[in-house]
Each structure stands twice: as structure tokens, then as C-alpha cells.
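# Structural characterization, general
Single-letter residue listing:
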Amino acid sequence: MMNSVRESPESDLSSSALSRWILVAAVIWCVGWFVHSWHYWEDDAYIHLEFARNVAAGHGYSFNGVLVNGDTAPLWVLLLVAAHALIPNWLVAGKVLTVLGAGFALGGTYYLSKHLVKGLEGAETFAAWMVLLLVINPYFCYWSFSGMETLAAAGLALWGTLLAVRERPTWTSFFLGCFVAGIAPVLRPRLLVVSGLAGLLLLKQWLGFPGRPYSGKQLLGMLLGIALVILPVALWSIYAHHAFGHVIPNTNAAKKADPHQSV
């Protein structure tokens, strides 16, 4: 069991070396799995791809020429468009984007795990083991390089949590936490719950900032934080209602609903 006894310099070096080797093993596994799954593209990822191709062509969020609210990850669509601007091949652009998303998630896993056992012996080694445990998980293997936004969304949840639980937050970390909480639901709707919980922790951070309570600086900071949290979802909702006539996506209804059932 971990304890808070400070390690000797020799033990520190040994622990650092072990954590590096564990991370190297995780990277080798990811590279091997990436090569193995190069020709794999998840079926729902083709939906994102079709929307991205139409957005890039100036047709808005449309599918097979029809303007429809059928994508639950509008931010991922825009990221695909941005990746395609740099990499002409759509599938290669998507694969590169998933690599970045996986790296983002693994970085969040490492630093959040390290934070949870901060000050305890073997914190780096524990964090490295958590990364390795994640990459060998079958769900990671299924989603990591599939063309989906799953790992990038997990990364937002992990980094957002890390920012929200900072013991000594700064205004920069506070605003960054608000920004992450704001964009997370636009990348994956299920993260709306995570963003709500993170918002409560960020509110606690705001109340703890030094200075006279409810000073002009604090109130301005709060307003900017609220804007960062609310605006992404609000702007997408306004666009969706204007373009499609409704805010809730119909993608699940398209797969599972009866012919005349409401979205």
C-alpha cells in the first residue's frame, strides 16, 4: 500500500525509471494497435465524416444533401474539417485526429491519476500504471482509432476534472476550466453532466479567490466564466433551432424509432 514516507534519492530514480518503462510499454501497445486497426473505421464515424464533408463544401450540417440535425458531436465535425484542411485525405485526417484525441486522453489520465495520489510514495508509478491499464482496456482498443470522438471527449472530462479540483487555482486555470466545461457537451452530449459538476467546483474556486467579496474584478471574472460555460451549447442550440427547427438530434430516432414516432 502506498504511504506518505518520502523516498530516498535512489528510490526516486528507481520509481521514475519504472514509470518511464511502463509508459514506453503503453506507447508501444498504442502504436501496435494503431497499425493493426489502420483499416478500421467505425460505422458511426462515417456519419461524422459525411457531415464534415458537407460542412467543408459549404452545405452546412447536411447528410446526403439533406440539412438535418443528425450528428451528436458537432465540434468533432468541425475538428474533422480543420484536420482535412491540413491533410487532404479524409480518412487519414480522421485517423490523425483520433491519435491526437487518444494522446489528449492519456495525458489527462496520467496527470489526474498523479494528482489523486500527490505527496504519496510512488505517485508517478501509479499514474503510469493507470495509463497502461487504460490502453489495454478492450473499450480503449475499440474506440481509440475508430474515427470517433470518444477518447477526445474522455480527455476533456479528465482535464476538466483536473482543472476543477486544483487546490491553488489561478484566474487562467479557472477560465480554462470554464472553457473545457463549455465545449465538452458540444463534443459529446453525455458530458453535460460532467460539465455541471465541474461548474459547481469552479464556482467554489471563484468564491475562494483573494480580494474583497463581490469586487468588480471578481464579478467580471464570474461573468466571463459563465459565458465560457454557457455560450458553446447556447450558440449550437440557436443554430440548430434555426437550421433544423429543433435542438435535440434525431440520430437515435433514425436508428431505433418507429416510422412515425416523434424525434
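Residues numbered from 1 in each chain as written. Predicted model: local features only at pLDDT ≥ 70, side-chain atom pairs only at ≥ 80, totals over all residues. Heavy atoms only, no water.

### Examining the overall build of the protein chain
Quick note on the threshold: By the criteria applied, helices consist of DSSP H or I runs no shorter than four residues and strands consist of E runs no shorter than two, each listed in order from the N terminus. Only protein chains enter the accessibility calculation, which uses a 1.4 Å probe; a residue whose area is less than 20% of its type maximum is buried, one above 50% is exposed, and one in between is partly exposed. Here a residue-residue contact requires only that any non-hydrogen atoms of the pair lie within 4.5 Å. In short, Shrake-Rupley with a 1.4 Å probe defines the accessible areas, and a residue's cover is counted only from the protein chains shown.
A tally of helices and strands in the protein chain yields 11 helices and two strands. Going from N to C terminus, the protein chain has its helices and strands arranged as α-α-β-β-α-α-α-α-α-α-α-α-α. Counting only residues that meet the buried cut, the protein chain has 40% of its 263 residues in that class. Of the contacts formed within the protein chain by residues at least 6 apart in sequence, a portion of 69% connects residues at least 24 apart. Surface exposure of the protein chain reaches about 15000 Å², of which carbon and sulfur atoms provide 70%.

### Brief notes about helix α9 (residues 191–207)
Rule in force here: Here, expected helix span is obtained from the residue count minus one, scaled by 1.5 Å. Working definition: the arc comes from the directions between the helix axis and the C-beta atoms, pointing outward to the latter.
Taking 1.5 Å of rise per residue, 17 residues should cover 24 Å, and α9 covers 24 Å from first to last C-alpha, within 8% of that figure. Along α9, the residues classified as buried are Leu-191, Ser-195, Ala-198, Leu-202, Gln-205 and Trp-206. All buried residues of α9 fall inside an arc of 90° around its axis, so they share one side. Those residues of α9 that are exposed and aimed more than 90 degrees away from the buried face are Val-193, Leu-197, Leu-200, Lys-204 and Leu-207. On its buried face, α9 is in contact with α7 (150–164), α8 (171–187) and α10 (216–244).

### A word on the pattern of salt bridges
Where we set the bar: We define a salt bridge as a side-chain nitrogen of Lys or Arg found within 4 Å of a carboxyl oxygen belonging to Asp or Glu.
Here the structure, examined in full by the defined rule, presents three salt bridges. We note a salt bridge from Glu-124 to Lys-114, for which the minimum N-O separation is 3.6 Å. Within this pair, whereas Glu-124 is found in helix α5 (residues 123–135), its partner Lys-114 is found in helix α4 (residues 90–116), the two being separated by 10 residues in sequence. With a relative accessible area of 27%, Glu-124 lands in the partly exposed category.

### Some thoughts on the packing of aromatic side chains
Just so we agree on the cut-off: Aromatic rings from Phe, Tyr and Trp, taking only the six-membered ring of Trp, are treated as a pair when their centres fall within 6.5 Å; an angle between ring planes under 30 degrees marks them as stacked, one over 60 as edge-to-face, and anything in between as tilted.
Inspection of the entire model under this criterion finds 20 aromatic pairs. Ring plane angle 90° and centroid distance 5.1 Å describe the contact between Tyr-110 and Tyr-111, whose orientation is recorded as edge-to-face. Residue classification places Tyr-110 among the buried residues on the basis of a relative accessible area of 13%. With 5.3 Å between their ring centres and 35° between their planes, Trp-236 and Tyr-239 make a pair best called tilted. One end of the pair, Trp-236, and the other, Tyr-239, are both in helix α10, three residues apart, so they sit about a helical turn from each other.

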